[in-house]
Amino acid sequence: MNKHVKILIIGGGPAGLAAAVSAHKAGVEDILIVERDVRLGGILNQCIHNGFGLHTFKEELTGPEYADRFIKQVEELKIPYRLATIVTDLKLSDDGKTKIVTTMDEEGGLNIYDADAVVLAMGCRERARGALNIPGERPAGIYTAGTAQYFVNLEGRMPGREVVILGSGDIGLIMARRMTLEGAHVKLVAELQPYSGGLKRNIVQCLDDYGIPLMLSHTVVKIHGKKRLTGVTIAEVDDRLSPIPGSEQFYECDTLLLSCGLLPENELSGQLGVDLSPVTSGAVVNESLETSIPGVFSCGNVLHVHDLVDYVSEEASAAGAHAAEYIKSASGGKAGSDGDETKVKVVTDGGVRYSVPSILRPDHMADLTTIRFRVGSVFKDVDVVTYADGKELARLHKRVMAPGEMEQLILRKADLIADGIPAEYRITIESK
Ligand SMILES: Cc1cc2nc3c(=O)[nH]c(=O)nc-3n(C[C@H](O)[C@H](O)[C@H](O)COP(=O)(O)OP(=O)(O)OC[C@H]3O[C@@H](n4cnc5c(N)ncnc54)[C@H](O)[C@@H]3O)c2cc1C
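Since we're looking at a predicted model, the values are computed, not measured.

Novice: Quick question: what am I supposed to make of the nonpolar core here?
Specialist: Generally speaking, a soluble globular protein has its nonpolar side chains buried in company with each other. Core analysis: the largest hydrophobic core is formed by 61 residues, its most contacted members being I7, L8, I9 and I10. A total of eight residues in this core trace back to one element, the largest contributor, which is helix α7 (residues 309-329). Residue contacts for I10: discarding those within four places in its chain leaves V34, V87, L90, V118, V119, L120, A121, M122 and L268.

Novice: Help me out: how do you make sense of the sheet that holds strand β14 (residues 218-224) in this one?
Specialist: Across a sheet, strands are paired by hydrogen bonds formed along the backbone, either parallel or antiparallel in direction. Ordered in space as β14-β15-β16, the three strands form an open sheet in which the pairing is antiparallel. Each of the sheet's edge strands pairs with one partner strand only, and the pair in question is β14 and β16 (249-252). Taken pair by pair, the neighbouring strands of this sheet meet at an average axis angle of 30 degrees, ignoring direction. Looking at chain direction, strand β15 (residues 231-236) and β16 are connected through four bridges and run antiparallel. From the neighbouring strand, V232 faces β16, where its bridge partner is Y251.

Novice: Would you mind showing me how to read the site of the ligand here?
Specialist: Every one of the 32 residues lining the ligand counts as a neighbour, but A15, E35, I43, H49 and N301 are closest to it. In this structure, E35 approaches the ligand through a side-chain N or O atom, which is 2.7 Å from an oxygen atom. V87 places a polar main-chain atom, nitrogen or oxygen, 3.0 Å from a nitrogen atom of the ligand. Burial of the ligand by the surrounding chains reaches 94%, relative to a free accessible area of 960 Å². If you list the elements that add at least two residues to the shell around the ligand, you get α1 (14-25), β6 (85-92), α3 (145-155) and α7. Considered class by class, the residues forming the shell around the ligand number 17 nonpolar, eleven polar and four charged. The residue makeup of the shell around the ligand includes at least three contributed by each of domain 1 (1-124 + 262-338) and domain 2 (128-260).

Novice: Is there a simple way to explain α3 in this structure?
Specialist: Since one α-helical turn is 3.6 residues long, residues separated by three or four positions face the same way. Looking only at α3, the buried set comprises A145, G146, A148, Q149, V152 and N153. The buried residues of α3 occupy an angular sector of 155 degrees when projected down its axis, which confines them to one face. Check the buried side of α3 and you find it contacts β9 (124-126), β10 (142-144), α4 (170-181) and β17 (255-258). G156, located one to two residues past α3, shows a positive phi value of around 65 degrees.

Conventions used here
- Residues numbered from 1 in each chain as written.
- Predicted model: local features only at pLDDT ≥ 70, side-chain atom pairs only at ≥ 80, totals over all residues.
- Heavy atoms only, no water.
- Core = buried A, V, L, I, M, F, W, Y, C linked by side-chain atoms within 4.5 Å.
- Buried < 20%, exposed > 50% of the residue type's maximum accessible area, 1.4 Å probe, protein only.
- Helix = DSSP H or I, 4+ residues; strand = E, 2+ residues; numbered from the N terminus.
- Contact = heavy atoms within 4.5 Å.
- Pairing = 2+ DSSP bridges.
- Axes fitted to C-alpha atoms, helices over the stretch in contact; angles between N-to-C directions.
- Near = heavy atom within 4 Å.
- Polar contact = N/O pair within 3.5 Å; in protein donor to acceptor, adjacent residues only side chain to side chain.
- Areas by Shrake-Rupley, 256 points an atom, 1.4 Å probe, with all protein chains shown as cover.
- Nonpolar A, V, L, I, M, F, W, Y, C, P; charged D, E, K, R; others polar.
- Domains from an automatic or database assignment.
- Arc of directions from axis to C-beta.

As structure tokens, this is what we get:
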């Protein structure tokens, strides 16, 4: 017999925890969080540096401390969760009304749940060497930055001593500092793009403060060593990101850390038939953070890669509240698509890569809707301009915008529909 649950949350990281707390506070108590790890908190458990929670709690916390604030709320509200249990299968029931979720626990125990609503909060994984196609043998000493972070922070083991980092994502920057503090020599961070993929504050606090050079427009073109890494060849790249012949330089090292992007873990979402964005690899969602399948919501890094966990929690709280609304409305309430309501397409161009949400349903919108987006390259002294069917709604001046920083704007429903419901809402970047 399948077990019934009103809201099943896949993933007990910051997104899953915040979604659970807010769904419970919105009046739904029959919730289950399923987490494959042996503890709640997600990737924050290995992020022992500070800098978390400035927006949410107005204080500087470490990753585990930040996660603990939400874990405590889950415990206080007595929200059930299952650890060391992985969701292996997700599909719709034959009548399409419930979502059938299959889980497997440590002992190999299989459980099948009929969930009225599902919140996807599976986070993301790092792009590993296999996805980067760097020529060379497969020696020991090559790790993703997150794996190295796990070894150093949770297992107390050093991956190596002479380190090169490829990619300037935030995890790579944080690990440059962490490895240095643990006595390693971090020679450089090489970044393929002409700009960093990480936050400005991390470049200053993790590289500049420790004299670690950031080599923009450079990449690793060869890996040396058979059993253990002995060095890497780094070359400069041209405008088309192709290595420039003659620019190669050899760097001796025993460790290469890869910080080359995060991939949302959407295999289950794809299995269920959720529409995925080719830009973010996350679900396409509407203003209620509901995917193309009614009653299936998405939030956190599985939806799109966030830079600050505070925004993950904020977004996930909204997803949890909408999931609760979906349950309470049973059918045709505020959240929960009925398929034929008017939809406004959010179009992004002029350097804006994507937006979340990308569909707005005025009938379901609150007075204010947060729209998050990222740009595709560095912009200086530009305006972010929004239009409803060509009519300018707002113009916000930005001194600097960079791909590593997530942007957000608040859309007033009254502005969007002032002249009737538009077919499209456009977000673009214009120079003066
Ligand atoms: C390696 C790494 C290091 C990071 N370091 C930092 C940092 O130092 N500073 C910072 O601000 N941000 C960091 N981030 C970003 C950070 O991921 C986010 O801010 C935040 O943790 C995202 O929350 P989340 O809940 O969406 O994802 P996660 O924290 O990744 O949580 C997702 C959870 O879902 C679980 N899960 C996935 N699939 C299943 C399944 N099928 N069944 C059951 N459970 C499942 C996972 O085990 C995990 O616990 C890091 C990200 C990564 C990947």
